[in-house]
Amino acid sequence: MPPFFPGSYPATRLRRPRLQPWSRNLVAEHVLRPADLIWPVFVIEGKDRQEPIASMPGVVRLSIDLLVKRAGEAKKLGIPAIAIFPKIDAKLKTPDGKESWNPENLVCRAVAAVKKKHPDLGVICDVALDPFNSDGHDGIWLDGDVLNDATVELLCRQALVQAEAGCDVIAPSDMMDGRIGAIRGALDAAGFSHVQLLSYAAKYASAFYGPFRDAVGSKSALKGDKKTYQMDPANSDEALREVALDLAEGADMVMVKPGLPYLDIIRRIKDNFKVPTLAYQVSGEYAMLKAADRNGWLDGDKAMQETLLAFKRAGSDAILTYAAVDVARNLG
Ligand code: PBG
């Protein structure tokens with residue numbers, strides 16, 4: 001670091017460059033662009049269907065045909081990629097989550113439909129069993145814990161059907177040990193060496209995922225909690241170890257999740273590894289801002305943009321946010 005130049009008043013007046021908007025723009029250190037945003041979307045069966053999610057005002061689950069349409073609108077606004085999450089019929093949920101590796105499952109059909117219409121829009125798929133698992137867990141739940149290695153095998157199958165459907169980026173969010181290396185190996189062996197891996201490397205056992213679990217219908221199924229696999233919010237050094245392992249196993253990008261309560265983690269990862277580092281502004285963060293906005297307690301659009309800029313300042317290269325489309329429109 002070069003020596004910090006302190007200056008002194010009155011020769012130095014830091015308010016001077018703040019006087020005019022053009023000047024503030026010139027000296028802005030960070031900028032939020034639509035190209036920084038990834039839009040997470042929820043998909044359901046059916047045609048021309050959309051369902052509101054009570055705990056996520058403004059967010060709807062979409063049938064594939066509507067998703068394809070909205071994805072096109074997002075692309076037009078300059079959003080580079082979407083991340084697809086399914087709400088699976090409860091009847092298809094099993095302890096091993098086998099619907100997750102059915103090549104005809106809802107996610108795979110959604111990916112294929114979006115890529116067919118919008119080949120140049122990035123499509124990211126979550127890898128984890130929870131939308132498909134009758135116990136609501138990201139892996140196989142047995143005696144109060146999730147089995148690691150047995151789950152990793154199933155995650156590889158899930159990743160393969162997603163890659164076959166045309167998914168560009170596989171994003172394991174399950175937090176099993178060793179899954180990045182295993183999935184990389186499985187993808188490469190099947191001829192998918194071009195498919196990227198975005199690891200949810202530092203994913204915390206967080207209360208902020210509540211509305212998401214409403215959205216994919218895993219909340220009522222969930223037995224116990226996810227503390228045996230997701231990280232303890234008390235830890236920061238451990239996040240660096242998670243990232244180091246995932247990079248060594250072949251992750252192309254790493255993610256921190258949730259976002260705003262973990263900006264310190266984003267900054268440490270960026271400083272230490274200098275790799276593509278993403279942040280997920282999760283459902284609970286989105287819901288808090290929307291709730292305050294709907295009550296007239298703050299200006300929701302401004303608070304949202306300020307929050308997303310904070311992610312950039314902390315070192316995020318890109319941000320997953322449910323507000324991506326609205327924000328991109330406002331940035332216009
Ligand atoms: C599950 C998964 C979760 C989210 C993304 N993938 C929830 C969880 O771990 O329980 C949360 C996203 C959000 O809250 O917006 N593998």
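Once a new chain begins, its residue numbering starts again from 1 and follows that chain's sequence as written. This being a predicted model, a pLDDT of at least 70 is required before a residue's local features are given, and a value of 80 or more before pairs of side-chain atoms are given or counted; all residues contribute to the totals for chains, interfaces and linings. For side-chain calculations, the full set of non-hydrogen atoms in the structure is used, while hydrogens and water are omitted.

## A short note on the overall build of the protein chain
Helix and strand counts for the protein chain stand at 11 helices and 12 strands. Based on C-alpha atoms, the radius of gyration is set beside the globule rule, defined as 2.2 Å times the residue count to the power 0.38. For the protein chain, the C-alpha radius of gyration of 20 Å lies close to 20 Å, the compact-globule estimate for 332 residues. A principal-axis box enclosing the C-alpha atoms of the protein chain has dimensions of 70 × 45 × 40 Å. Split into buried and exposed, the 332 residues of the protein chain put 53% on the buried side. Surface summary for the protein chain: the accessible area is close to 15500 Å², and the carbon and sulfur share equals 55%. Mean positive and mean negative side-chain charge positions of the protein chain (42 and 43 charges, respectively) differ by 8 Å. In this description a helix means any DSSP run of H or I spanning at least four residues, a strand means any run of E spanning at least two, and both kinds are numbered starting from the N terminus. Per-residue accessibility, obtained with a 1.4 Å probe over protein chains only, is compared with the maximum for each type, and a residue is labelled buried under 20%, exposed over 50%, and partly exposed between these values. Only the protein chains shown count as cover for residues, and the accessible areas themselves come from Shrake-Rupley with a 1.4 Å probe. Asp and Glu count as negative and Lys and Arg as positive, but His and the ends of the chain are not part of the count. Throughout, a charge is located at the NZ atom of Lys, the CZ atom of Arg, the CG atom of Asp or the CD atom of Glu.

## Overview of empty space enclosed by the protein
Grid points spaced at 1 Å over the protein atoms alone were grouped into cavities, where a 1.4 Å probe fits but cannot get out, and pockets, open sets with protein on both sides within 12 Å along at least five of seven lines, with lining residues defined by an atom within 4 Å of a point. Grid points are joined across faces, edges and corners, and a volume is the space filled by probe spheres set on the points. With the rule as written, the count across this model stands at 3 cavities of 30 Å³ or more. Estimated volume of the largest cavity: approximately 130 Å³. As a working rule, the residues Ala, Val, Leu, Ile, Met, Phe, Trp, Tyr, Cys and Pro are called nonpolar, Asp, Glu, Lys and Arg charged, and the rest polar, with Gly in that last group. In terms of residue class, the lining of the largest cavity is built from 6 nonpolar, 2 polar and 7 charged. Quantified by volume, the second largest cavity comes out at close to 90 Å³. Taken together, Leu289, Lys290, Asp293, Gly300, Asp301, Met304, Ala323, Asp326, Val327 and Asn330 make up the lining of the second largest cavity.

## Here's the deal with the site of the ligand
For this description, a residue counts as near a given molecule or strand if any of its non-hydrogen atoms is within 4 Å of it. By nearness alone, 18 residues border the ligand, and Arg213, Lys226, Lys257, Ser283 and Tyr322 come closest of all. For the purposes of these results, a polar contact is taken to be a pair of N or O atoms within 3.5 Å, where, inside protein, one atom must be able to donate a hydrogen and its partner to accept one; residues adjacent in sequence count only when each atom of the pair is a side-chain atom. Between an oxygen atom of the ligand and a side-chain N or O atom of Gln230, the distance comes to 2.8 Å. For the ligand, whose unbound accessible area comes to 400 Å², protein coverage reaches 100%. The residue makeup of the shell around the ligand, split by class, is 8 nonpolar, 3 polar and 7 charged.

## What to know about unusual backbone geometry
Phi is mostly negative for residues that are not glycine, and the peptide bonds are mostly trans. Cis rather than trans, the peptide bond between Tyr9 and Pro10 has omega equal to 10°. Relative to the elements of secondary structure, Pro10 occurs in the segment before α1 (21–27). With an omega of -10°, the peptide bond between Lys257 and Pro258 qualifies as cis. Locating Pro258 in the fold gives a position in the loop between β10 (253–257) and α8 (263–273). Within the chain, Asp48 stands out as a residue other than glycine whose phi angle is a positive 50°. As for its position among the elements, Asp48 is in the loop between β1 (37–44) and β2 (50–52).

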